[in-house]
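# Structural description and commentary
The residues making up each chain are set out below.
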Amino acid sequence: MSATDTKATMTGPEMVALSKQHSLYEWSAQAHVDPIPVSKAKGIYFWTPEGKRFIDFNSQLMCVNIGHGDPRVIKAIQDQAATLAYANPFMATEARARLAQKLAEISPGDIDVFFFTNGGAEANENAIRIARLATGRHKILARYRSYHGGTGASLTATGDPRRWAMEPGMPGIIHVPHPHHGLKRGTDTAEHALAELEEIIMLEGPQTIAAFLLETVTGTNGIHVPPPGYLEGLRALLDKHGILMIADEVMSGFGRTGAWFAVDHWNVVPDILTMAKGLTSAYVALGAVGIRRKLADHFKDKVYYGGLTYNSHPLGCAAALATIAVYEEDKLIERAKTMGAVMRKMLEDLKAKHPSVGDVRSIGLFGIVELVRNRSTMEPMAPFNGSSPEMQALGKFFREEGLYTFVRWNTFFTNPPLCITEAELAEAFAIIDRSLAITDKGCS
Ligand SMILES: Cc1ncc(COP(=O)(O)O)c(C=O)c1O
């Protein structure tokens, strides 16, 4: 086989061996990675070259929201590639023009102007820069129990162990507590969380703080929905101090929670909205920073100091336009809401049946199961930032049974593509139900 032949003529073990030999796997010690070889995907399923089928219960990395292999998006990418595969960011293209117009239509409030990037981390990098340039202030508040991306500023803003290895990172980022403190301590009320935040704002000096960056609904750090009143109260608090709100909806955007954006559930309009993943359902890499009109106007006379060779890439823009059309044609946003209610019931049933289920949380098709050794003490089935024999056995069982999802610390995720049917959800939950016998045995 020649180097340019990309047909899947390799066996799974060959793919794994060569991928491991010549490429670096992220966030991992290379000796411990054990990748699943993937050769094709359709709808909610993907397959290994040997024909083993997996239910994609994490939409890969919480991104293939419309499901795999949608011919409408594939055709749009093919057509764009045939007409104009690339134009540099100083040009205007039809794909860029139409996508920016469409995003202005579906984004909350007066979010009207978009800066395109290659993904979510770069979207947050640019959001932070826009906030600093526009306010003339340099500090950024970000929360613990967050992930904002694997590059300089976005990783410094990240509030989980992925940040530790590259500290001290970028100066000026201040971490503040998340309203959720783990199952033992629970979640603060909005009043409590906001009073604590206001104290930190006072201590840091409001006139030095450009923006507060938050995941509207926390993703990998535990699917935490804000307590009632939190987001509205936060908006008022930030307004009071002239601090911009940056909502990171890289994971929670594009229907995942049963609304275009999670902020829509509370009718809160952030000043800056970052997005990626579901924007193209990951068919092509693309991210974006949405900004309110009055903030965008700051850059009418002042230079925006930011750029990327692949900014507004025509293939990404065409893929995003076609993906958004699929959300609309197939009513996937509404579907995430209705199927989310079905999934919620299935999650609750797991909790009622299995002693190792300490908590289930979900909004739309964004869900998590948190496992504990004991429901009275809420001792987690694996420690913070760690694993345990039970959690490892659970992951192994999922893989053997053809269910792909993220198993992290003492949790696993239920984030299927939004096109999933009730029967397919039931198929996945039947595997999960059987798997929990493993963790139930670890209960005291
Ligand atoms: C909330 C959030 N922000 C930012 C990112 C980073 O996006 P990317 O990996 O596309 O750079 C992620 C990725 O998982 C995310 O979940």
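Presented here is a report on the structure given in the accompanying data block. Numbers given to residues run from 1 along each chain, matching the order in which its sequence is written. Where local features are concerned, this predicted model is filtered to residues with pLDDT of at least 70; where side-chain atom pairs are given and counted, the filter is 80 or more; whole-chain, interface and lining totals use all residues. The basis for every side-chain value is the complete set of heavy atoms in the structure, and neither hydrogens nor water enter the calculation.

### Considering the overall build of the chain
How we decide: Only DSSP runs of H or I covering at least 4 residues are called helices, and only runs of E covering at least 2 are called strands; the numbering of each starts at the N terminus. Any residue under 20% of the maximum accessible area for its type is buried, any over 50% is exposed, and the rest in between are partly exposed; the area is computed with a 1.4 Å probe on protein chains only. Computed with a 1.4 Å probe, the accessible areas rest on the Shrake-Rupley method; for each residue, only the protein chains presented here act as cover. Residues counted as positive are Lys and Arg, residues counted as negative are Asp and Glu, and His and the chain ends are not counted. A single reference atom marks each charge: NZ on Lys, CZ on Arg, CG on Asp, CD on Glu.
Scanning the chain from N- to C-terminus turns up 13 helices and 16 strands. Projected onto its principal axes, the C-alpha positions of the chain cover 60 × 55 × 40 Å. The buried share of the chain, taken over its 444 residues, is 56%. Of the accessible surface of the chain, which amounts to about 19,000 Å², a share of 56% is contributed by carbon and sulfur atoms. The positive charge centre, built from 45 side chains, and the negative charge centre, built from 48, are 1 Å apart in the chain.

### Structural notes on the environment of Asp-301
Within the element layout of this structure, Asp-301 appears in the loop between helix 9 (293-296) and helix 10 (314-329). According to the relative accessible area criterion, Asp-301 is exposed, its value standing at 76%. Asp-301 sits 22 residues away from Leu-279 along the chain, and the two C-alpha atoms are 30 Å apart.

### Some thoughts on the nonpolar core
Across soluble globular proteins, nonpolar side chains show a tendency to be buried alongside one another. The following threshold applies: Residues grouped as a nonpolar core are buried Ala, Val, Leu, Ile, Met, Phe, Trp, Tyr and Cys residues, joined through side-chain atoms within 4.5 Å. Contact criterion: two residues are considered in contact whenever any of their non-hydrogen atoms come within 4.5 Å of each other.
Core analysis: the biggest nonpolar cluster contains 97 residues, and Leu-103, Phe-212, Leu-234 and Phe-254 have the highest contact counts within it. Setting aside residues no more than four positions away along its own chain, Leu-103 makes contact with Phe-114, Phe-116, Phe-254, Met-275, Leu-279 and Ile-324.

### Points about unusual backbone geometry
Here Glu-167 and Pro-168 are connected by a cis peptide whose omega angle stands at 15 degrees. Take Pro-168: it is sitting in the loop between helix 6 (152-157) and strand 6 (173-176). Not every positive phi belongs to a glycine, and Ser-59 is a case in point at roughly 45 degrees. Within the secondary structure layout, Ser-59 lies in helix 2 (residues 59-62).

### Some thoughts on the pairing of strand 5 (residues 139-143)
Which entries qualify depends on this criterion: Here, a strand pair is defined by DSSP locating no fewer than two bridges between the strands. When the strands point away from the viewer and the connection leading from the first strand across the helix to the second strand turns clockwise, the crossover is called right-handed.
The buried fraction of strand 5 is high, at 5 of 5 residues. Judged by which residues are buried, strand 5 turns out to be covered on both faces: Lys-139, Leu-141 and Arg-143 on one side and Ile-140 and Ala-142 on the other are all buried. Where strand 5 and strand 6 come together, 4 bridges link them in parallel fashion. When the bridges of strand 6 are listed, Leu-141 appears paired with Ile-174. Handedness of the strand 5-helix 6-strand 6 crossover: right-handed.

### Side note on the packing of aromatic side chains
To keep it simple, the criterion reads: Here is the rule: rings of Phe, Tyr and Trp (six-membered ring for Trp) pair when centre to centre is within 6.5 Å. Planes less than 30 degrees apart are stacked, more than 60 are edge-to-face, and the remainder are tilted. Whether a charge sits over a ring comes down to the Lys NZ or Arg CZ being within 6 Å of the ring centre and within 35 degrees of the ring normal.
Throughout the structure, instances matching the rule amount to 15 aromatic pairs. Every member of this aromatic cluster is reached through a ring pair, and the members are Phe-254, Trp-260, Phe-261 and Tyr-327. Its guanidinium or amino end placed over the ring of Trp-27, Arg-162 lies 6.0 Å from that ring's centre, counting from NZ or CZ. We note Arg-162 situated over the ring of Tyr-147; from NZ or CZ to the ring centre the distance is 3.8 Å.

### Here's the deal with the pattern of salt bridges
Where we set the bar: Here, a salt bridge means any side-chain nitrogen of Lys or Arg that lies within 4 Å of a carboxyl oxygen of Asp or Glu.
A full pass over the atoms with the stated rule returns 30 salt bridges. Of the charged contacts, one joins Glu-328 and Lys-102 as a salt bridge, the two residues approaching to 2.8 Å between their closest N and O atoms. One end of the pair, Glu-328, is in helix 10; the other, Lys-102, is in helix 4 (residues 94-106), with 226 residues separating them in the sequence. On the basis of relative accessibility, which here comes to 15%, the residue Lys-102 falls in the buried class. Glu-400 is the partner of Lys-396 in a salt bridge, and the nearest nitrogen-oxygen pair spans 3.4 Å. Remark: Glu-400 and Lys-396 occur in helix 12 (residues 389-401); sequence separation between them is 4 residues, near one turn of the helix. Overlapping salt bridges bring together Asp-110, Arg-235, Asp-239, Asp-271 and Arg-292 as one network.

### Remarks on the sheet that holds strand 7 (residues 209-215)
Short version of the rule: Axes here mean lines fitted to C-alpha atoms, for a helix over just the part in contact, with angles spanning 0 to 180 degrees between N-to-C directions.
Spatial ordering of the open sheet is given by 4-10-9-8-7-5-6, a layout of 7 strands whose pairing is mixed. Two strands lie at the open edges of the sheet, namely strand 4 (111-117) and strand 6, each paired on one side alone. Each strand axis lies, on average, 20 degrees off the axis of its neighbour in the sheet, ignoring direction. Bridge count between strand 4 and strand 10 (residues 287-292): 6 bridges; the pairing is antiparallel. The partner of Thr-117 across the bridge, within strand 10, is Gly-287. Running over the sheet, helix 8 (residues 230-240) touches strand 5, strand 7, strand 8 (244-248) and strand 10 and is turned about 170 degrees from strand 7.

Function-wise, these values are silent; they only describe arrangement.
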